[in-house]
There are 8 protein chains.
Amino acid sequence: MQREVLLALLRAYKSGESTEAELADRLTSLPFEDVGFARIDHHRSLRSGMPEAIYAEGKTPDQVATIFARLAVTGVPVLATRATEAHAAATQAVTPSATYHRLARCITLAATDGREQRDGHIAVVCAGTSDLPVAEEAALTAELYGAAVTRVTDVGVAGLHRLLAQVPVLRTADVVIACAGMEGALPSVIGGLVASPVIAVPTSVGYGASLGGIAALLGMLNSCSPNIAVVNIDNGFGAGYLACLIARQAK
Amino acid sequence: MQREVLLALLRAYKSGESTEAELADRLTSLPFEDVGFARIDHHRSLRSGMPEAIYAEGKTPDQVATIFARLAVTGVPVLATRATEAHAAATQAVTPSATYHRLARCITLAATDGREQRDGHIAVVCAGTSDLPVAEEAALTAELYGAAVTRVTDVGVAGLHRLLAQVPVLRTADVVIACAGMEGALPSVIGGLVASPVIAVPTSVGYGASLGGIAALLGMLNSCSPNIAVVNIDNGFGAGYLACLIARQAK
Amino acid sequence: MQREVLLALLRAYKSGESTEAELADRLTSLPFEDVGFARIDHHRSLRSGMPEAIYAEGKTPDQVATIFARLAVTGVPVLATRATEAHAAATQAVTPSATYHRLARCITLAATDGREQRDGHIAVVCAGTSDLPVAEEAALTAELYGAAVTRVTDVGVAGLHRLLAQVPVLRTADVVIACAGMEGALPSVIGGLVASPVIAVPTSVGYGASLGGIAALLGMLNSCSPNIAVVNIDNGFGAGYLACLIARQAK
Amino acid sequence: MQREVLLALLRAYKSGESTEAELADRLTSLPFEDVGFARIDHHRSLRSGMPEAIYAEGKTPDQVATIFARLAVTGVPVLATRATEAHAAATQAVTPSATYHRLARCITLAATDGREQRDGHIAVVCAGTSDLPVAEEAALTAELYGAAVTRVTDVGVAGLHRLLAQVPVLRTADVVIACAGMEGALPSVIGGLVASPVIAVPTSVGYGASLGGIAALLGMLNSCSPNIAVVNIDNGFGAGYLACLIARQAK
Amino acid sequence: MQREVLLALLRAYKSGESTEAELADRLTSLPFEDVGFARIDHHRSLRSGMPEAIYAEGKTPDQVATIFARLAVTGVPVLATRATEAHAAATQAVTPSATYHRLARCITLAATDGREQRDGHIAVVCAGTSDLPVAEEAALTAELYGAAVTRVTDVGVAGLHRLLAQVPVLRTADVVIACAGMEGALPSVIGGLVASPVIAVPTSVGYGASLGGIAALLGMLNSCSPNIAVVNIDNGFGAGYLACLIARQAK
Amino acid sequence: MQREVLLALLRAYKSGESTEAELADRLTSLPFEDVGFARIDHHRSLRSGMPEAIYAEGKTPDQVATIFARLAVTGVPVLATRATEAHAAATQAVTPSATYHRLARCITLAATDGREQRDGHIAVVCAGTSDLPVAEEAALTAELYGAAVTRVTDVGVAGLHRLLAQVPVLRTADVVIACAGMEGALPSVIGGLVASPVIAVPTSVGYGASLGGIAALLGMLNSCSPNIAVVNIDNGFGAGYLACLIARQAK
Amino acid sequence: MQREVLLALLRAYKSGESTEAELADRLTSLPFEDVGFARIDHHRSLRSGMPEAIYAEGKTPDQVATIFARLAVTGVPVLATRATEAHAAATQAVTPSATYHRLARCITLAATDGREQRDGHIAVVCAGTSDLPVAEEAALTAELYGAAVTRVTDVGVAGLHRLLAQVPVLRTADVVIACAGMEGALPSVIGGLVASPVIAVPTSVGYGASLGGIAALLGMLNSCSPNIAVVNIDNGFGAGYLACLIARQAK
Amino acid sequence: MQREVLLALLRAYKSGESTEAELADRLTSLPFEDVGFARIDHHRSLRSGMPEAIYAEGKTPDQVATIFARLAVTGVPVLATRATEAHAAATQAVTPSATYHRLARCITLAATDGREQRDGHIAVVCAGTSDLPVAEEAALTAELYGAAVTRVTDVGVAGLHRLLAQVPVLRTADVVIACAGMEGALPSVIGGLVASPVIAVPTSVGYGASLGGIAALLGMLNSCSPNIAVVNIDNGFGAGYLACLIARQAK
């Protein structure tokens, strides 16, 4: 409810236009957001600067383009995930400054409301090249919402020396996002090597008993390292968003 | 490797006691931790002040008591989870200052190395009274490792007004831990009401199609709220530990 | 068995054309529906006015068109679900007054037997735009079979204020149908806000650990709200049909 | 919020004790239940007369006895499910008029607020004697909350004539609750024989591939009969509660 | 319906005591078993001589003893499966001629209605000694209902020569029942060695990835041999019963 | 081993060409089939007249055509299942007398070795039209291998009167094959209505929680009727083959 | 078949006591083991010196003791796994020289037939102390059957430096057995560090989403390291046996 | 770290160019592989001669061609698995001497570094023609990396005589690889017939309850034969690689 509306109600009551009972009834039966709830939500949006992204899968190119444009005018950073070339073409026809990231399947538009700060530092790590789309979705999300991101790729646990060589870099990050398919052991190993929170992203990379990412998901949930939490399979966006929230606190 | 050992090797080489080839061989074949790795690990322990807890389930009372005592002398906070009365009795016989928390099934000993600061603020929320043991494990863990904890209980989504009444409190927390069994919807709802990171803890509370907590776990992994990550079923310790890491960054 | 056939048998017996033993044998060995069973079934159809729908998936356009036309002549409301454009084209070629609903993938034909009453009021709620096809299938079904339907869309639990704003409307419904994919928490939350029965429809919307709707299904089955029952994943038709039966009782 | 509190606020504002801005702030920041939400909830309770039951499993006898007594004084019907002999003994020590139903594992106390009407008629059907505890839990729940209940037992689909003999009785019910374990086919068959809504309750009766009731649950969810909805495995209470809500509408 | 009742109705009609319309109404509305249905069921019992067994699990000793005694007086063979020592003691107290088979956990009473023929020949094969209880349940069932049974034990596929040595015996059987846990490969191998039908009984013998018999069940369902069908895990009774039906046809 | 080879060995020994030890060694080390095993297998084929079918799925049209032709010359009945139009075209190019059954996806060629007898009578029942391809595969298999087949379609349990009307026919069959998807309750109901063996075939018909036929499969495995055994999902061929074996015994 | 029996047959033929046709018939119809099959099996036992172990679970103490004693007299190494104290007591009463290993739950008796060689070198590695019973079962099995075993414990992947410190030892082994519960990542990491075959043993250690070892099993099956194969959950015996076979080849 | 780099560091220190402290710092902070780790990895590669293969699935033809070429110049044997025709065309355009194996979906290039020895003998066995692609992948892998391979095909357990005829061949192998889909019983049977290690490869061949190879996988994990270990579904490469490692030890 616009505060003005509320004030108008109060004034009408004070002036005698409406009775006490009428106002009491009106106030207790207002739709909830009218009594300030929406404002709170707005406050959240203002504080975090992180509007929800557009999940393009299952939407038509036109739908994505329309929603994208509507958000673009507000000046916030805009992000569409799981976007195809067709989604991108339709979006860029309406919002020419939007960028399509083929590998990550994302369309982005940087914030235009002046913000530019780098809120914290996130390392996005992945095990194999097949995990790159998910890792890139995470990295782009984090960057768009204001974090500095370091990408570390091709450091699967079966070739441990490559991972160990990157430990110094990982230790400089406020949060580590670790993406892995197959057996999904990467977050466990990283969790033991760094002191920061690790967000584990199982990917659907694999075949047979990988069960579309369930094996990796279960592995990550059962990690012996206590500094790990897990998001849904292939949910790079969620990992990037959450990491950003955490890293921002580190400032 | 103790730095002194390394220096001794270098001096022996410079003095001619050992040849260049001998030193090269020695350096490349050293066990890994000898080249500084263990030191790094120590550094991590120092920085986080959060040693791993003792998982008492499957250990004898004597084993728990012994490990507990060994850690107690170091001055760090000590925690044993999934501890029975028998574990507690054996532990308190050796370490009388240890406290047993029946509901949480935890044995704790506060840090004696002088630290006392409250690093960040964590809200631990749970849906029903059956979730209390897991929630308490999370809360005790977080408190022991230095966070201020607010407990919010009995706010299941089927009686939404109770949860909504607690929103102002939840919004003051740096991190929210949400524990729920059954359909596990609590973290999703909270995730939409706060701007901070939410750690979701599925519990094994339920029957029939709850599948020992799997239903709650799946629900949490599929949350529409992007500020949520999930730990293993009933893993209150992990949630408390991770929340503490994140909240500390908020300082 | 046509009653005339039965009467003929009885008369033949009374007139002596057949013996007592012959009639007894005949009566006890008649196919079951012959002894009135089919009539009962007919009675059910008359009472509920709700013939089963045509499930178009896996049927050819010609098959659907033929069955549709055969039902159309009886005057009852006709419904084909999971219908493609091709099904619709074939059906409309034979029954031009049939309507195709693209979003709901349904072909409908209103009853022509004079009925018009609105039997009860059903609210059909869904969480996201991806759930709309299922929700629309439910809404169309309920309308076709005689209920007044209110559609409430885009009220996912992660943005609770939107749902809360609709509570007054939901409370006016005799039955609420709540469709949701992902974590499937919507019915639980609604169940706590209304006093009427809630039919929960899990949808296959989601990815990864949503397991094609299994996560939402399990969540709904484990709801803490006691006024909820669940139908199969994506079964909008079943929900609409059942809600209609219940709402009719409310008249 | 008590209406009086609200009125007091309004009067203070009108009298000039508080400013317009102060009142606006107060109103928009009140905990949610304060703005009438709890009243709504209360209204729901009044309208349905169906408070939630006490789920005794996992609670101590003392806890159950205490909660039971607290509810008893309000005059509403009181119900504790999954109650053991020990729960019953403790409860009856405090509330002597409570009744323990061994087979159903329920403790009940009839409403003392004068209500006595029989709101609708529910048939509770079960396949085998092993399903009786769940069926009885459903029947007792429905009776306690005001419905007339007909029990039909031992009518499994493998001996169809027994079920068919009960069809006339089933057809008089406003709602049918069908409980079955093993293959769970009973609701499907009944669904085709009656025109009323059928609430299907899978039970955990069975062994091997029954998977603790999952086989029956899946069977019921996949029923060809469109007048069926399903509750959790062994959830007799939920079925009785929901059936009662539906049957009441039939009045 | 007793035929006499039917005849009485017919006579009353012929004599004019009741009208044609009355009789027609009566006949079409009779409960189903009244119009001969129960007779059919009785006929089935007579023809197969195979009444259903008593599933003792979950029944009290008294209940089993009572049902057992009631069946015993009819002269048919009586069988209680999954019976404990306590069930047996109670049963034998009432029916002293009953026999308890500890390994098979069965109580049996041979038919006393004079039948004695051996209807066909069944081979009951099992892989390991742990499968013996299930195999014995199958064998006892088949014997009790009239078949000649050959037991072949300890012929797991990992020691193939033992199985091959028994092939000549297996080839003399009209039906083979093959019980196996673990990988459940026995029926497949036997299926390729004999020309008769093979009933496969997965057992819950195993650990870890045997998943309580699911692994064996899946193996048997996927058998390459086309002469195999499968019953539920540990369902020795069902296998014996069905084998008996098939073997009887072979006479 | 060709008998001639064996005889040659024996003669060489008797004539002194080889020693007793040489012959003994040779006989004990012969490949197994050489010592008569293949003959036994041949015997099985002769006795049952039921060669294995060609599973066309995953084979090229040419491969199917070639195998089909090779079997055709032997005079036995030939059957290819899961065959596409392309498989059929290639097969008929080589074997013009082969028939393609589109609905059942089978290619058949009747036996040309003179056999014509109808060995027993099999009823093939299915619940819905979507189950027809599986049912037809079963029926064609049984007919091809020599049984008389009665097809009973569209008798799902949700419209029980249609099934009950067919009971007299079902009772004349030596074996009943019951195919059903969705909840898979048909075999249970039929099992209680007939005294003969019932082979249950779960089909993959359904959606959502039908899990590709797993729900129907579990339902059938948990049937209360003891005269039922189950084959793999969609395995019409196996059911037809096994039914044929059983029905043949009935002659 | 005893060779003497075969020779007698041959002599009878040569002497004219039996005809050529009679002998040919006899030879082709002999039970399989009679033609030398059992001898082959014996040969396998002789060559590997590795008789199967006694799986004590589900056997009575007396049964284990009896089988143990019967094997002991043959001089081969004897092993009973999953043995309780009671099994051990009964066994040692009969075979006093048998040793009970409490942690590994094994009863062993060293070979008394003179063998003593150490056939190859096996490293048995485990992640946590809870995995020790399984690891010890593997180690004892390997030692009993002749391998030299190095035990490496407490080297979970979350504390990588401990594992890395053991790499030089692991590289000296012919085969590595890696036991782990929880996320089961240990074999993957080891597989990348050594060049020898790695046998992965998932253990049932864990809780919640570990699903009794299924999570670890899936992780191991999906390992990126190509030098890994997996045995059943908790199957220490199988791993030890197989490793022994492989290590022996390395000699 | 190149040894030369290390030596240069040492010389600079000895010559006084760098101080003792500088060198010590440099050595302890080097990325891990710099201190010899990479060398170890290189050593492994040299010793085993078995570089990892290229997993072509999910890679573009250009990517595969590029990686293939890069490996080809090193002289080691090169292998790309899961390769399509397009992958092959692109690869052969760059590396003309590469061979495409259509059935196995592999591209290979023999080692050009002079090695030619046949290290051990591997038998690759499969049950049906549908398993051939996986079996061929295993066989090609083993051959490419230096083993002699015997292929044994079409020896499913349902036609046991064909398998038994191949036992003498199987017994000559150092390792047996057994590939099977459906019920996956082949490895168990072979495991009982040979004394060597058996690597079991479940394939995704099957339908319905084969669950994409899970049934075969579970069967193999539960094998009664103790000389079996299992790799992932369809993982022919892993089986060939591991078998090669084991067979090499046998030399």
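Nothing here was measured: the structure is a model prediction, and the numbers come from that model. (Residues numbered from 1 in each chain as written. Chains lettered and ligands numbered in written order. Predicted model: local features only at pLDDT ≥ 70, side-chain atom pairs only at ≥ 80, totals over all residues. Heavy atoms only, no water.)

Thoughts on the overall build of chain A
Across its full length, chain A carries eleven helices and nine strands. On chain A, roughly 8500 Å² of surface is accessible, and the fraction owed to carbon and sulfur atoms is 56%. (Helix = DSSP H or I, 4+ residues; strand = E, 2+ residues; numbered from the N terminus. Areas by Shrake-Rupley, 256 points an atom, 1.4 Å probe, with all protein chains shown as cover.)

Here we look at the relation of the copies chain C and chain D
With an RMSD of 0.2 Å, the fit of chain C onto chain D corresponds to turning through 180° and sliding 0.1 Å along the axis. Taken together, the rotation and translation relating the two chain copies correspond to the operation of a two-fold axis. By residue overlap, the copies meet face to face through one surface: 100% of the interface positions of chain C are interface positions in chain D. (Least-squares fit on C-alpha atoms with pLDDT ≥ 70 in both. Contact = heavy atoms within 4.5 Å.)

Considerations on the environment of P187 of chain A
Residues and elements named next belong to chain A. Within the element layout of this structure, P187 appears in helix α9 (residues 186-193). The buried category is assigned to P187, whose relative accessible area is 1%. Separated by 30 residues in the primary sequence, P187 and V157 have C-alpha atoms spaced 9.6 Å apart. Residue contacts for P187: discarding those within four places in its chain leaves A178, V198, A200, M220 and I228. (Buried < 20%, exposed > 50% of the residue type's maximum accessible area, 1.4 Å probe, protein only.)

Observations concerning the sheet that holds strand β1 (residues 54-55) of chain G
Strand pairing within a sheet occurs via backbone hydrogen bonds; the two strands may be parallel or antiparallel. All names here are of chain G. Read across the sheet, four strands follow the order β1-β2-β4-β3 without closing on themselves; strand pairing throughout is mixed. Since the sheet does not close on itself, it has two edges, and those belong to β1 and β3 (99-101), each with one partner. Pairing between β3 and strand β4 (residues 106-109): three bridges, direction antiparallel. Within β4, the position partnered with T99 by the bridge is T108. In this fold helix α4 (residues 61-72) packs onto β1, β2 (78-81) and β4, with an angle of close to 160° to the strand it touches most, β2. (Pairing = 2+ DSSP bridges. Axes fitted to C-alpha atoms, helices over the stretch in contact; angles between N-to-C directions.)

A look at the sheet that holds strand β4 (residues 106-109) of chain A
Residues and elements named next belong to chain A. As summarised here, the arrangement of the four strands in space is β1-β2-β4-β3, forming an open sheet in which the pairing is mixed. Of all the strands in the sheet, just β1 (54-55) and β3 (99-101) have a single pairing partner and so form its edges. Where β1 lies against strand β2 (residues 78-81), two bridges are found, and the strand directions are parallel. By the bridge assignment, I54 is partnered in β2 with A80. Lying over the sheet, helix α4 (residues 61-72) contacts β1, β2 and β4, oriented at roughly 160° with respect to β2.

Concerning the interface of chain C and chain D
In this complex, chain C contributes 35 residues to the contact, which on the side of chain D involves 35 residues. Carbon and sulfur atoms supply 62% of the area buried between chain C and chain D, which totals about 3200 Å² over both sides. Considering only the surface of chain C that becomes buried against chain D, L221, P226 and Q249 of chain C emerge as the three largest contributors, covering 21% of it. Scanning the region where chain C abuts chain D turns up zero salt bridges. (Buried area = accessible area lost by both parts, 1.4 Å probe. Salt bridge = Lys/Arg side-chain N within 4 Å of Asp/Glu carboxyl O.)

Regarding helix α6 (residues 132-144) of chain H
All names here are of chain H. For α6, with 13 residues, the first-to-last C-alpha span of 18 Å sits near the 18 Å given by 1.5 Å per residue. Within the span of α6, buried status applies to V134, A135, E136, E137, A138, A139, L140, T141, A142 and L144. Note on α6: the residue one or two positions beyond its end, G146, has a positive phi of about 115°. (Expected span 1.5 Å × (residues − 1).)

With respect to the side chain of N235 of chain A
Mapped onto the elements of the fold, N235 of chain A is located in the loop between β9 (228-230) and α11 (236-249). By relative accessible area, N235 of chain A is classed as buried at 14%. For N235 of chain A, the side chain forms a polar contact with the main-chain nitrogen of G238 of chain A, separated by 2.9 Å. Residue contacts for N235 of chain A: discarding those within four places in its chain leaves E137 and V201 of chain A together with Y207 of chain C. (Polar contact = N/O pair within 3.5 Å; in protein donor to acceptor, adjacent residues only side chain to side chain.)

What to know about the pairing of strand β7 (residues 175-180) of chain G
All names here are of chain G. The buried fraction of β7 amounts to six of the six residues, a majority that puts the element mostly inside the structure. Sheet topology places strand β5 (residues 121-126) next to β7; five bridges connect them, and they run parallel. Opposite V124, over in β7, you have I177 as the bridge partner. Sheet analysis places β7 next to strand β8 (residues 198-202), joined by five bridges and oriented parallel. Counterpart to A178 in the pairing with β8 is A200. Crossover β7 to β8 through helix α9 (residues 186-191) is right-handed. (Right-handed = clockwise from strand over helix to strand, strands pointing away.)

Observations concerning the packing of aromatic side chains
What characterises a pair of aromatic rings is the spacing of the ring centres plus the angle enclosed by the ring planes. Evaluation of the coordinates by the stated rule reveals 28 aromatic pairs over all chains. On the basis of an interplanar angle of 20° and a centroid distance of 5.7 Å, the ring pair of Y55 of chain F and Y207 of chain H is categorised as stacked. With Y55 of chain F in strand β1 (residues 54-55) and Y207 of chain H in the loop between β8 (198-202) and α10 (214-221), the pair connects residues from two separate chains. Owing to a relative accessible area of 27%, Y55 of chain F belongs among the partly exposed residues under this scheme. By relative accessible area, Y207 of chain H is classed as buried at 16%. In this structure an aromatic cluster arises from ring pairing among Y145, F237 and Y241 of chain A. Between the NZ or CZ atom of R82 of chain H and the centre of the ring of Y207 of chain A, over which it lies, the distance is 4.3 Å. (Phe/Tyr/Trp six-rings, centres within 6.5 Å; stacked < 30°, edge-to-face > 60°. Lys NZ or Arg CZ within 6 Å of the ring centre and 35° of its normal.)

So, the packing of helix α4 (residues 61-72) of chain C against helix α5 (residues 85-94) of chain C
Residue and element names in this part refer to chain C. Two elements in contact, α4 and α5, have axes whose closest approach is 8 Å; the angle formed by their N-to-C orientations is 40°. Between α4 and α5, the angle is such that the two are oblique. Considering how the two elements wind past one another, α4 and α5 form a crossing that is right-handed. Only A86, H87, A90, T91 and V94 of α5 make contact with α4, whose side of the interface consists of P61, D62, V64, A65, F68 and A69. (Parallel < 35°, antiparallel > 145°, perpendicular 65-115°, else oblique. Left-handed = near helix turned anticlockwise from the far one by under 90°.)

Regarding the environment of A56 of chain A
All names here are of chain A. Of note, A56 is situated in the loop between β1 and α4. Owing to a relative accessible area of 0%, A56 belongs among the buried residues under this scheme. In this structure, the C-alpha to C-alpha distance between A56 and L160, residues 104 residues apart in sequence, is 36 Å. Non-local contacts of A56, meaning those with residues more than four positions away in its chain, are made with V64, T81, R82, A83 and H87.

Function-wise, these values are silent; they only describe arrangement.
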